[in-house]
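Here are the chains, one letter per residue:
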Amino acid sequence: MTETRMRVGLGHDRHRLVSGRRLILGGVTIDYEMGLDGHSDADVLLHAVTDALLGAAGLGDIGEWFPNTDPRWANVDSAIFLQQALREVQNRGWKIVNLDCTIHAERPKLSAYKKPIAHQIALLLNLDPSQVNVKAKTGERVGPVGRQEAIDADAIVLLAGADDPARDAGSVRTS
Ligand code: MG
């Protein structure tokens, strides 16, 4: 019996809250008077998930793949980054076991959005919604999150080697 090969990846991101931008978290537009500043659509959660995926497969980080100096990525839907990262991970013979993430925002209240966001991320990654968990926390009124200057996101993903051993040969070293 062969051992299932697994890899874990971590992602973190922060964007500043500003006026005059839409607030998009996990691909879902949130009803709020401010939005996140950034080169792309500034979806802080999808950026954290993208970094977690790239990290798990040993593929560096989102800034290397999609530099914020590249005009191609100006104002784009961050689902583009996520789905490109997914393709890179799958091409190296990995599949997602599960994804867990946390959004850190003092406001707006996100409790009603957690399930829709989890469903949207599952849709983007071709996962069952049961494989994606989204949590939300405030900043306890301290720090950049607590002062409503920024929204942060954390993500962690577990990958397992695909069933065909030839496909993922060389993609991981267990020794
Ligand atoms: Mg970002």
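Please refer to the structure higher up on the page.
Quick caveat, the model's predicted, so the values are computed rather than measured. (Residues numbered from 1 in each chain as written. Predicted model: local features only at pLDDT ≥ 70, side-chain atom pairs only at ≥ 80, totals over all residues. Heavy atoms only, no water.)

Caption draft 1: Molecular detail of the coordination of the magnesium ion. Only Asp13 (OD), His15 (NE2) and His47 (ND1) from the protein coordinate the magnesium ion, and they sit 2.1 to 2.2 Å from it. All donors to the magnesium ion come from one chain, and their sequence spacing reads D-x1-H-x31-H. Taken together, the residues span a long stretch of sequence, with histidine 15 in strand S1 (residues 6–19) and histidine 47 in helix H1 (residues 44–56) at a distance of 32 residues. Its relative accessible area of 12% is what places histidine 15 among the buried residues. (Donors = N, O, S within 2.8 Å, 3.2 Å for Na, K, Ca; no water. Helix = DSSP H or I, 4+ residues; strand = E, 2+ residues; numbered from the N terminus. Buried < 20%, exposed > 50% of the residue type's maximum accessible area, 1.4 Å probe, protein only.)

Caption draft 2: View of the packing of aromatic side chains. All chains considered together, the criterion is met by 3 aromatic pairs. Look at phenylalanine 66 and tryptophan 73: their rings are 5.2 Å apart centre to centre, the planes differ by 85 degrees, and that puts the pair in the edge-to-face class. Within the aromatic cluster, the residues linked to one another by ring pairs are Phe66, Trp73 and Phe81. (Phe/Tyr/Trp six-rings, centres within 6.5 Å; stacked < 30°, edge-to-face > 60°.)

Caption draft 3: Expanded view of the nonpolar core. Core analysis: the biggest nonpolar cluster contains 50 residues, and Leu25 and Leu125 have the highest contact counts within it. Looking at this core, the elements with two or more residues in it are strand S2 (23–25), strand S3 (28–30), H1, helix H3 (79–91), strand S5 (94–104), helix H4 (114–124), strand S6 (132–137) and strand S7 (150–161). A total of 9 residues in this core trace back to one element, the largest contributor, which is H1. (Core = buried A, V, L, I, M, F, W, Y, C linked by side-chain atoms within 4.5 Å.)

Caption draft 4: Quick peek at H1. The end-to-end C-alpha distance of H1, which contains 13 residues, comes to 18 Å, matching closely the 18 Å that a straight helix rising 1.5 Å per residue would cover. Of all 13 residues in H1, 12 are buried; the element is thus mostly enclosed. All of the buried residues in H1 are Val44, Leu45, Leu46, His47, Ala48, Val49, Thr50, Asp51, Ala52, Leu53, Leu54 and Ala56. With its phi angle positive at about 70 degrees, glycine 58 sits one or two positions after the end of H1. (Expected span 1.5 Å × (residues − 1).)

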